[in-house]
There are 2 protein chains.
Amino acid sequence: MARKRFDDSSCSVARALNEVGDWWSLLVVLHAMYGTRRFVDFQQELGIARNILCDRLARLVDNEVLKKVEVGEHGSRFEYRLTEKGRDLFPIVIALRQWGDKWNPAPDQEPLDLRDRETGRTIRPVEVQDADGKPLTVRDVFVPEENNARSPSGSKKKAG
Amino acid sequence: MARKRFDDSSCSVARALNEVGDWWSLLVVLHAMYGTRRFVDFQQELGIARNILCDRLARLVDNEVLKKVEVGEHGSRFEYRLTEKGRDLFPIVIALRQWGDKWNPAPDQEPLDLRDRETGRTIRPVEVQDADGKPLTVRDVFVPEENNARSPSGSKKKAG
DNA sequence: TGAATCTGGTTTTAAAATGCAACCCTATTC
DNA sequence: GAATAGGGTTGCATTTTAAAACCAGATTCA
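Residues numbered from 1 in each chain as written. Chains lettered and ligands numbered in written order. Predicted model: local features only at pLDDT ≥ 70, side-chain atom pairs only at ≥ 80, totals over all residues. Heavy atoms only, no water.

The next point concerns the overall build of chain A. Helices and strands together make up the secondary structure of chain A, namely seven helices and six strands. The linear arrangement of helices and strands in chain A, starting from the amino end, is α-α-α-α-β-β-α-α-β-β-β-β-α. Across the 160 residues that make up chain A, the buried fraction comes to 51%. Taking as baseline every contact in chain A between residues at least 6 positions apart, the subset at least 24 positions apart corresponds to 45%. When the accessible surface of chain A is summed, it comes to about 7,800 Å², and 49% of that surface belongs to carbon and sulfur atoms. (Helix = DSSP H or I, 4+ residues; strand = E, 2+ residues; numbered from the N terminus. Buried < 20%, exposed > 50% of the residue type's maximum accessible area, 1.4 Å probe, protein only. Contact = heavy atoms within 4.5 Å. Areas by Shrake-Rupley, 256 points an atom, 1.4 Å probe, with all protein chains shown as cover.)

Attention shifts here to empty space enclosed by the protein. Over the atoms rolls a probe the size of a water molecule, and in doing so it shows where empty space is left. One pass over the structure, following the stated rule, counts three cavities of 30 Å³ or more. Roughly 120 Å³ of volume is contained in the largest cavity. As for the largest cavity, its lining consists of 14 residues, of which L17, L26 and L96 of chain A together with L17 and L26 of chain B are closest to the centre. When contributions to the lining of the largest cavity are tallied by element, the ones reaching two or more residues are α1 (12–20) and α6 (90–103) of chain A together with α1 (12–20) and α6 (90–103) of chain B. (1 Å grid on protein atoms, 1.4 Å probe; cavity = no way out; pocket = protein on both sides within 12 Å on 5 of 7 lines; lining within 4 Å. Points joined across faces, edges and corners; volume = space filled by probe spheres on them.)

So, on to the interface of chain B and chain A. Contacts between chain B and chain A engage 92 residues on the former and 92 residues on the latter. Both sides of the chain B and chain A interface together cover about 8,800 Å² of buried area, and 59% of this is carbon and sulfur. Run the count over chain B and chain A and you get eight salt bridges. Salt-bridge contacts for D132 of chain B lead to R121 of chain A; the nearest nitrogen and oxygen are separated by 2.6 Å. On inspection of chain B and its partner chain A, the count reaches 35 residue pairs in polar contact (both at pLDDT 80 or more). For the side of chain B that touches chain A, the secondary-structure elements that each account for two or more residues are α1, α2 (23–33), α3 (39–46), α5 (84–87), α6, β3 (115–116), β4 (128–129) and β6 (141–142) of chain B. With two bridges connecting them, strand β3 (residues 115–116) of chain A and β6 of chain B associate as antiparallel partners. By the bridge assignment, D116 of chain A is partnered in β6 of chain B with V141 of chain B. (Buried area = accessible area lost by both parts, 1.4 Å probe. Salt bridge = Lys/Arg side-chain N within 4 Å of Asp/Glu carboxyl O. Polar contact = N/O pair within 3.5 Å; in protein donor to acceptor, adjacent residues only side chain to side chain. Pairing = 2+ DSSP bridges.)

What follows deals with the environment of V126 of chain A. With respect to the helices, strands and loops of the structure, V126 of chain A is situated in the loop between β3 and β4 (128–129). You can call V126 of chain A buried: its relative accessible area is 8%. Considered as a pair, V126 of chain A and I94 of chain A are 32 residues apart in the sequence and their alpha carbons are 7.3 Å apart. The residues touching V126 of chain A, leaving out its near neighbours within four places in the chain, are P91, I94, A95 and Q98 of chain A together with P91, V126, E127 and V128 of chain B.

Taken as rigid bodies, chain B and chain A are interconverted by a rotation of 180° and an axial shift of 0.0 Å, the fit giving an RMSD of 0.0 Å. Here the transformation between the copies is reduced to the relation of a two-fold axis. Interface overlap between copies: 100% of the residues of chain B at the interface are likewise at the interface in chain A, consistent with a symmetric, same-surface contact. (Least-squares fit on C-alpha atoms with pLDDT ≥ 70 in both.)

Enumeration over the complete set of coordinates arrives at 24 salt bridges over all chains. For R56 of chain B, the salt bridge goes to D55 of chain B, with nearest N and O atoms at 2.5 Å. By relative accessible area, which is 34% here, D55 of chain B ends up partly exposed. The salt bridge partner of R124 of chain B is E127 of chain B, with a shortest N-O separation of 3.5 Å. Taken together, the salt bridges that share partners define one network made up of D22, D55, R56 and R59 of chain A.

That is the geometry; function is a separate question.
Here it is as structure tokens:
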């Protein structure tokens, strides 16, 4: 019996992971954010098996993270473009990259230096903040009682 | 041939996903953030198979996301606690949760209401910001040329 | 003392997922 | 009209996964 599904889980993290929580999906989204749009380009950049790439692209399209656009270039060609939902994964991808850079730095690679297109200045680390922008750690927060009941996940029983 | 590994990938997102990018690992981390520490508690809360839980806990300990602590309670009991590296996944987990709440809301569940322990006020959505705290989308940023060469991933060849 | 129980695992078995290579079809270029 | 590129699909061997059974040390219960 293979992978469990979490489509109907009451935990939104589980539901999110259901859509982008496997090895390749988030890397596809990452590359899409950097401008990749074509099947062959994803395939070559990621070194992913073609059938797996097909499956992931189709699933991301199903989940409306990507949209498949026919481009009239010459002949029948397609592009996979991020939707707003897909672009909304930006903080997650960047946070993951920063975490990777911080805790598993590649010896021969300086960390990502992403900059504001307007000002040219480096972005800051992605963090959880209170309403005023004060950074918060996991120890600084709590879940109010009404919510606490089914928190954090509630995925008690098998969902597949 | 099963899953490819990215341990030595030059892409820090790939390396991050190598450690916490599978179905269960991040859910384990999530529950750890909410206070779960014991094997049986993880098992019951997540509904995960015990062998998979063993494997994930061991891998997370190997990767120093969790540490296994012997607690002298009575007999040989263990607790799995987040390390600083593990707690540093907080923004990622929260961003994922917010994304799930926003784009795949559960009909019967209001979104996570996480609050600052001090002020009692709700946290804001996790976002990418410039140095001043101005929110940035994927379209607002660029990678300077020196970095751009091997960006975004560079994981061209098979790594496993 | 000894049976039941709790905790934290390991083993076994079957169904899926993955990776690779080979094949297919359309359209295009030489 | 042969070779090539884009975008897939199919088959097969290898891994992972899920579920449940089994195991072993320590503890409580009777």
